[in-house]
Amino acid sequence: MPLPRTDSDSGGAAPEAPRRRVSPQWSAWAFLAPVTLYLGLFYAYPLYRNIDLSLRHYTVRSFVRGDAPFTGLANYRMVFDDPTFAPALLHTVVFTGVCLVFQYTIGLALAVFFHQNFRLSATLRALFLVPWLLPLIVSASTWSWMLNSDSGLVNAVLHAVGIGPVNWLTSPSWSLTSVIIANIWIGVPFNLVVLHSGLQSIPASLYEAAALDGANAWQRFWRITFPLLRPVSAVTLLLGLVYTLKVFDIIWIMTKGGPADSSTTFATWSYQLGFGNLLPAFGPGAAVGNLLVLAALVFGLIHVRVQRKQALS
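Just so you know, these numbers come straight off a predicted model, no measurement behind them. (Residues numbered from 1 in each chain as written. Predicted model: local features only at pLDDT ≥ 70, side-chain atom pairs only at ≥ 80, totals over all residues. Heavy atoms only, no water.)

1. Description of the overall build of the protein chain
What the protein chain contains, in helices and strands, is 16 helices and 0 strands. Taking 313 residues into account, the globule formula puts the C-alpha radius of gyration at 20 Å, and the protein chain, at 29 Å, lies well above it. Taking the intrachain contacts of the protein chain between residues at least 6 apart in sequence as the baseline, contacts between residues at least 24 apart amount to 64%. Just so you have it, the protein chain exposes about 20,000 Å², and 68% of that area is on carbon and sulfur atoms. Of the side-chain charges in the protein chain, 19 are positive and 12 negative, and the distance between the mean point of each set is 5 Å. (Helix = DSSP H or I, 4+ residues; strand = E, 2+ residues; numbered from the N terminus. Rg over C-alpha atoms; globule rule 2.2 N^0.38 Å. Contact = heavy atoms within 4.5 Å. Areas by Shrake-Rupley, 256 points an atom, 1.4 Å probe, with all protein chains shown as cover. Lys, Arg positive; Asp, Glu negative; His and termini not counted. Charge placed at Lys NZ, Arg CZ, Asp CG, Glu CD.)

2. Description of the nonpolar core
Core analysis: the biggest nonpolar cluster contains 34 residues, and Phe 95 and Met 254 have the highest contact counts within it. Elements that contribute at least two residues to this core include exactly helix 5 (85-114), helix 8 (136-146), helix 10 (175-200), helix 11 (204-212), helix 12 (217-228) and helix 14 (249-254). With 10 residues, helix 10 is the largest single contributor of residues to this core. Leaving out residues up to four positions away in the same chain, Phe 95 has contacts with Leu 176, Val 179, Ile 180, Asn 183, Thr 244, Val 247, Ile 251 and Thr 265. Listed in part, the 16 residues of the second largest apolar core include Tyr 76, Leu 100, Leu 241 and Leu 291. (Core = buried A, V, L, I, M, F, W, Y, C linked by side-chain atoms within 4.5 Å. Buried < 20%, exposed > 50% of the residue type's maximum accessible area, 1.4 Å probe, protein only.)

3. A short note on the packing of aromatic side chains
Evaluated as defined, the whole model comprises 20 aromatic pairs. On the basis of an interplanar angle of 35° and a centroid distance of 5.7 Å, the ring pair of Phe 85 and Phe 266 is categorised as tilted. With Phe 85 in helix 5 and Phe 266 in helix 15 (residues 266-275), this residue pair connects regions lying 181 residues apart in the sequence. Phe 266 shares its class with Phe 85; the two are buried. Their ring planes at 35° and their centres at 5.7 Å tell us that Trp 218 and Phe 221 sit as a pair that is tilted. Here the residue Trp 218 and the residue Phe 221 both occupy positions in helix 12, the gap between them amounting to 3 residues, near one helical turn. Given the relative accessible area of 56%, Trp 218 is considered exposed. (Phe/Tyr/Trp six-rings, centres within 6.5 Å; stacked < 30°, edge-to-face > 60°.)

Written as C-alpha coordinates, this is what we have:
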(Lines give C-alpha, C1' and ligand atoms only; values in the text may rest on other atoms or scores of the structure.)
Protein backbone atom coordinates (compact mmCIF):
# COMPACT_ATOMS: atom_id res chain seq x y z
CA MET A 1 0.00 0.00 0.00
CA PRO A 2 1.61 3.33 -1.04
CA LEU A 3 2.43 5.79 1.71
CA PRO A 4 0.76 9.23 1.62
CA ARG A 5 2.85 11.95 0.04
CA THR A 6 4.27 14.67 2.28
CA ASP A 7 5.46 18.17 1.52
CA SER A 8 9.05 17.08 1.95
CA ASP A 9 8.59 14.33 -0.60
CA SER A 10 7.11 16.71 -3.14
CA GLY A 11 9.75 19.34 -2.50
CA GLY A 12 7.20 21.82 -1.14
CA ALA A 13 7.97 24.13 1.80
CA ALA A 14 6.27 23.70 5.16
CA PRO A 15 3.50 26.23 5.82
CA GLU A 16 4.60 29.28 7.89
CA ALA A 17 3.28 29.65 11.39
CA PRO A 18 0.93 32.61 11.76
CA ARG A 19 2.60 35.72 13.19
CA ARG A 20 1.49 36.84 16.63
CA ARG A 21 -0.13 40.24 16.52
CA VAL A 22 1.17 42.77 19.01
CA SER A 23 -1.52 43.83 21.44
CA PRO A 24 -2.62 47.47 20.95
CA GLN A 25 -2.23 47.95 24.69
CA TRP A 26 1.45 46.97 24.55
CA SER A 27 1.96 49.30 21.59
CA ALA A 28 0.44 52.16 23.57
CA TRP A 29 2.71 51.45 26.53
CA ALA A 30 5.73 51.35 24.21
CA PHE A 31 4.93 54.85 22.97
CA LEU A 32 4.26 56.10 26.50
CA ALA A 33 7.42 54.60 28.00
CA PRO A 34 9.87 57.38 26.93
CA VAL A 35 7.53 60.14 28.18
CA THR A 36 6.84 58.27 31.42
CA LEU A 37 10.56 57.73 31.99
CA TYR A 38 11.30 61.40 31.31
CA LEU A 39 8.58 62.62 33.68
CA GLY A 40 9.67 60.20 36.35
CA LEU A 41 13.37 61.11 36.20
CA PHE A 42 13.12 64.87 35.76
CA TYR A 43 9.84 65.73 37.53
CA ALA A 44 8.56 63.07 39.90
CA TYR A 45 11.92 62.13 41.44
CA PRO A 46 13.14 65.73 42.03
CA LEU A 47 9.76 66.56 43.57
CA TYR A 48 10.01 63.54 45.84
CA ARG A 49 13.55 64.53 46.86
CA ASN A 50 12.41 68.09 47.59
CA ILE A 51 9.58 66.83 49.78
CA ASP A 52 12.02 64.53 51.58
CA LEU A 53 14.39 67.47 52.12
CA SER A 54 11.60 69.51 53.69
CA LEU A 55 10.72 66.74 56.16
CA ARG A 56 14.24 66.15 57.52
CA HIS A 57 16.94 68.12 59.32
CA TYR A 58 19.71 68.26 56.76
CA THR A 59 23.18 69.64 57.33
CA VAL A 60 26.08 69.53 54.91
CA ARG A 61 27.37 66.39 56.64
CA SER A 62 24.03 64.59 56.77
CA PHE A 63 23.32 65.64 53.18
CA VAL A 64 26.48 63.86 52.03
CA ARG A 65 26.04 60.84 54.30
CA GLY A 66 22.29 60.56 53.80
CA ASP A 67 21.44 60.05 57.49
CA ALA A 68 19.39 63.19 58.19
CA PRO A 69 16.84 62.64 61.00
CA PHE A 70 13.14 62.87 60.20
CA THR A 71 11.58 66.02 61.69
CA GLY A 72 8.09 66.04 60.16
CA LEU A 73 6.66 69.51 59.64
CA ALA A 74 9.25 71.28 61.79
CA ASN A 75 10.83 72.98 58.76
CA TYR A 76 7.45 74.32 57.67
CA ARG A 77 6.78 75.68 61.16
CA MET A 78 10.21 77.31 61.09
CA VAL A 79 9.37 78.95 57.75
CA PHE A 80 5.99 80.23 58.94
CA ASP A 81 7.54 81.65 62.13
CA ASP A 82 10.38 83.36 60.26
CA PRO A 83 9.97 87.18 60.11
CA THR A 84 10.84 87.04 56.41
CA PHE A 85 7.78 84.91 55.60
CA ALA A 86 5.15 87.68 55.60
CA PRO A 87 7.15 90.18 53.48
CA ALA A 88 8.22 87.43 51.06
CA LEU A 89 4.61 86.27 50.69
CA LEU A 90 3.43 89.84 50.07
CA HIS A 91 6.19 90.49 47.53
CA THR A 92 5.42 87.21 45.75
CA VAL A 93 1.71 88.05 45.48
CA VAL A 94 2.36 91.63 44.33
CA PHE A 95 5.10 90.63 41.90
CA THR A 96 3.00 87.84 40.38
CA GLY A 97 -0.27 89.77 40.25
CA VAL A 98 1.09 93.02 38.80
CA CYS A 99 3.21 91.19 36.22
CA LEU A 100 0.28 89.04 35.08
CA VAL A 101 -2.08 92.00 34.71
CA PHE A 102 0.32 94.16 32.73
CA GLN A 103 1.79 91.35 30.64
CA TYR A 104 -1.67 90.15 29.61
CA THR A 105 -3.09 93.64 29.01
CA ILE A 106 -0.14 94.86 26.94
CA GLY A 107 0.14 91.52 25.13
CA LEU A 108 -3.56 91.56 24.24
CA ALA A 109 -3.41 95.15 23.02
CA LEU A 110 -0.42 94.35 20.82
CA ALA A 111 -2.06 91.16 19.54
CA VAL A 112 -5.18 93.07 18.49
CA PHE A 113 -3.00 95.77 16.93
CA PHE A 114 -0.94 93.31 14.86
CA HIS A 115 -4.07 91.37 13.90
CA GLN A 116 -4.83 94.16 11.42
CA ASN A 117 -2.13 92.75 9.09
CA PHE A 118 -0.81 96.10 7.93
CA ARG A 119 2.48 96.57 6.10
CA LEU A 120 5.53 95.63 8.21
CA SER A 121 3.20 93.91 10.69
CA ALA A 122 5.19 90.65 10.61
CA THR A 123 8.52 92.50 10.92
CA LEU A 124 7.45 94.55 13.91
CA ARG A 125 5.90 91.49 15.56
CA ALA A 126 9.20 89.65 15.15
CA LEU A 127 11.06 92.55 16.79
CA PHE A 128 8.75 92.33 19.80
CA LEU A 129 9.95 88.75 20.30
CA VAL A 130 13.52 89.88 21.06
CA PRO A 131 13.00 90.18 24.87
CA TRP A 132 11.58 86.66 24.93
CA LEU A 133 14.47 85.20 22.90
CA LEU A 134 17.27 86.79 24.92
CA PRO A 135 18.80 84.75 27.78
CA LEU A 136 17.47 85.94 31.13
CA ILE A 137 20.94 86.79 32.38
CA VAL A 138 21.39 89.16 29.42
CA SER A 139 17.99 90.80 29.95
CA ALA A 140 18.50 91.19 33.70
CA SER A 141 22.01 92.58 33.25
CA THR A 142 20.75 95.07 30.66
CA TRP A 143 18.01 96.31 33.00
CA SER A 144 20.54 96.54 35.85
CA TRP A 145 22.67 98.83 33.71
CA MET A 146 19.68 100.91 32.53
CA LEU A 147 18.40 101.39 36.10
CA ASN A 148 21.79 102.09 37.63
CA SER A 149 21.55 105.09 39.96
CA ASP A 150 24.75 106.79 38.78
CA SER A 151 25.25 105.89 35.12
CA GLY A 152 21.94 104.34 34.08
CA LEU A 153 20.10 105.33 30.92
CA VAL A 154 16.76 105.79 32.72
CA ASN A 155 18.14 108.32 35.19
CA ALA A 156 19.92 110.10 32.34
CA VAL A 157 16.58 110.53 30.56
CA LEU A 158 14.94 111.71 33.80
CA HIS A 159 17.73 114.23 34.32
CA ALA A 160 17.23 115.53 30.77
CA VAL A 161 13.57 116.32 31.52
CA GLY A 162 14.37 117.91 34.88
CA ILE A 163 13.61 115.01 37.23
CA GLY A 164 16.08 114.00 39.92
CA PRO A 165 17.76 110.60 39.96
CA VAL A 166 15.91 107.59 41.37
CA ASN A 167 17.67 104.81 43.26
CA TRP A 168 15.87 102.08 41.37
CA LEU A 169 17.89 99.11 42.62
CA THR A 170 19.22 100.37 45.95
CA SER A 171 16.09 101.91 47.47
CA PRO A 172 13.62 99.70 49.40
CA SER A 173 10.81 101.79 47.92
CA TRP A 174 11.79 101.13 44.29
CA SER A 175 13.55 97.75 44.16
CA LEU A 176 10.39 95.64 43.79
CA THR A 177 9.02 98.05 41.18
CA SER A 178 12.26 97.75 39.21
CA VAL A 179 12.18 93.97 38.97
CA ILE A 180 8.46 94.08 38.12
CA ILE A 181 9.15 96.42 35.19
CA ALA A 182 11.91 94.16 33.90
CA ASN A 183 9.79 91.03 34.19
CA ILE A 184 6.84 92.68 32.42
CA TRP A 185 9.13 93.62 29.54
CA ILE A 186 10.33 90.02 29.28
CA GLY A 187 6.88 88.42 29.54
CA VAL A 188 4.89 90.60 27.10
CA PRO A 189 6.16 88.79 23.94
CA PHE A 190 4.89 85.42 25.23
CA ASN A 191 1.41 86.86 25.74
CA LEU A 192 1.57 88.54 22.34
CA VAL A 193 2.43 85.31 20.51
CA VAL A 194 -0.17 83.12 22.24
CA LEU A 195 -3.00 85.67 22.08
CA HIS A 196 -2.22 86.55 18.45
CA SER A 197 -2.47 82.87 17.52
CA GLY A 198 -5.82 82.76 19.32
CA LEU A 199 -7.08 85.72 17.29
CA GLN A 200 -6.28 83.85 14.08
CA SER A 201 -8.90 81.22 14.96
CA ILE A 202 -11.77 83.75 15.21
CA PRO A 203 -13.73 83.80 11.92
CA ALA A 204 -13.56 87.12 10.08
CA SER A 205 -17.22 86.72 9.11
CA LEU A 206 -18.21 87.51 12.71
CA TYR A 207 -16.53 90.90 12.53
CA GLU A 208 -18.07 91.59 9.13
CA ALA A 209 -21.55 90.78 10.41
CA ALA A 210 -21.04 92.95 13.49
CA ALA A 211 -19.81 95.85 11.33
CA LEU A 212 -22.93 95.55 9.15
CA ASP A 213 -25.04 95.74 12.31
CA GLY A 214 -23.35 99.02 13.21
CA ALA A 215 -20.98 97.79 15.97
CA ASN A 216 -17.96 100.00 16.53
CA ALA A 217 -14.41 98.76 17.20
CA TRP A 218 -14.84 98.63 20.99
CA GLN A 219 -18.13 96.73 20.73
CA ARG A 220 -16.60 94.22 18.32
CA PHE A 221 -13.73 93.67 20.72
CA TRP A 222 -15.90 93.34 23.86
CA ARG A 223 -18.68 91.25 22.26
CA ILE A 224 -16.64 89.05 19.89
CA THR A 225 -12.89 89.09 20.48
CA PHE A 226 -12.74 88.94 24.25
CA PRO A 227 -15.37 86.18 24.79
CA LEU A 228 -14.03 83.93 22.00
CA LEU A 229 -10.48 84.48 23.25
CA ARG A 230 -11.36 83.36 26.78
CA PRO A 231 -10.00 79.75 26.53
CA VAL A 232 -6.69 81.00 25.11
CA SER A 233 -6.57 83.74 27.73
CA ALA A 234 -7.06 81.20 30.52
CA VAL A 235 -4.15 79.09 29.31
CA THR A 236 -1.98 82.19 28.84
CA LEU A 237 -2.67 83.43 32.36
CA LEU A 238 -2.10 79.99 33.89
CA LEU A 239 1.26 79.53 32.15
CA GLY A 240 2.21 83.10 33.04
CA LEU A 241 1.28 82.47 36.66
CA VAL A 242 3.41 79.33 36.91
CA TYR A 243 6.34 81.07 35.24
CA THR A 244 6.10 84.26 37.32
CA LEU A 245 5.84 82.39 40.62
CA LYS A 246 9.23 80.81 40.06
CA VAL A 247 11.06 83.86 38.64
CA PHE A 248 14.49 83.90 40.25
CA ASP A 249 17.11 84.96 37.71
CA ILE A 250 15.84 88.48 37.12
CA ILE A 251 15.39 89.36 40.79
CA TRP A 252 18.66 87.81 41.90
CA ILE A 253 20.76 89.47 39.21
CA MET A 254 19.17 92.90 39.65
CA THR A 255 18.70 93.20 43.43
CA LYS A 256 19.51 89.83 45.08
CA GLY A 257 16.22 90.24 46.93
CA GLY A 258 17.35 93.45 48.61
CA PRO A 259 17.93 95.93 49.89
CA ALA A 260 16.70 94.81 53.31
CA ASP A 261 14.60 92.03 51.71
CA SER A 262 12.46 94.66 49.95
CA SER A 263 12.31 92.56 46.76
CA THR A 264 12.57 89.09 48.29
CA THR A 265 10.07 86.57 46.95
CA PHE A 266 9.60 82.90 47.78
CA ALA A 267 11.87 81.94 44.87
CA THR A 268 14.81 84.08 46.02
CA TRP A 269 14.19 83.26 49.69
CA SER A 270 14.30 79.54 48.97
CA TYR A 271 17.68 80.00 47.27
CA GLN A 272 19.01 82.15 50.10
CA LEU A 273 18.05 79.55 52.69
CA GLY A 274 19.49 76.62 50.78
CA PHE A 275 22.58 78.09 49.15
CA GLY A 276 23.06 81.71 50.20
CA ASN A 277 24.59 81.14 53.64
CA LEU A 278 27.72 79.55 55.02
CA LEU A 279 25.48 77.19 56.99
CA PRO A 280 22.79 76.24 54.46
CA ALA A 281 19.30 75.41 55.70
CA PHE A 282 18.33 72.79 53.15
CA GLY A 283 15.12 71.77 54.91
CA PRO A 284 13.52 75.24 55.22
CA GLY A 285 14.67 76.13 51.71
CA ALA A 286 12.97 73.03 50.32
CA ALA A 287 9.85 73.85 52.35
CA VAL A 288 9.61 77.30 50.75
CA GLY A 289 10.06 75.72 47.32
CA ASN A 290 7.26 73.26 48.05
CA LEU A 291 4.95 76.16 48.93
CA LEU A 292 5.52 77.52 45.44
CA VAL A 293 4.79 74.11 43.93
CA LEU A 294 1.61 73.86 46.00
CA ALA A 295 0.44 77.31 44.89
CA ALA A 296 1.00 76.46 41.21
CA LEU A 297 -0.80 73.13 41.69
CA VAL A 298 -3.83 74.78 43.32
CA PHE A 299 -4.21 77.29 40.50
CA GLY A 300 -3.75 74.51 37.95
CA LEU A 301 -6.54 72.48 39.52
CA ILE A 302 -8.79 75.55 39.61
CA HIS A 303 -8.11 76.09 35.91
CA VAL A 304 -8.97 72.46 35.08
CA ARG A 305 -12.18 72.64 37.12
CA VAL A 306 -13.29 75.89 35.46
CA GLN A 307 -12.53 74.54 32.00
CA ARG A 308 -14.50 71.36 32.76
CA LYS A 309 -17.51 73.36 33.89
CA GLN A 310 -17.39 75.50 30.78
CA ALA A 311 -17.17 72.39 28.58
CA LEU A 312 -20.22 70.83 30.30
CA SER A 313 -22.22 74.03 30.02
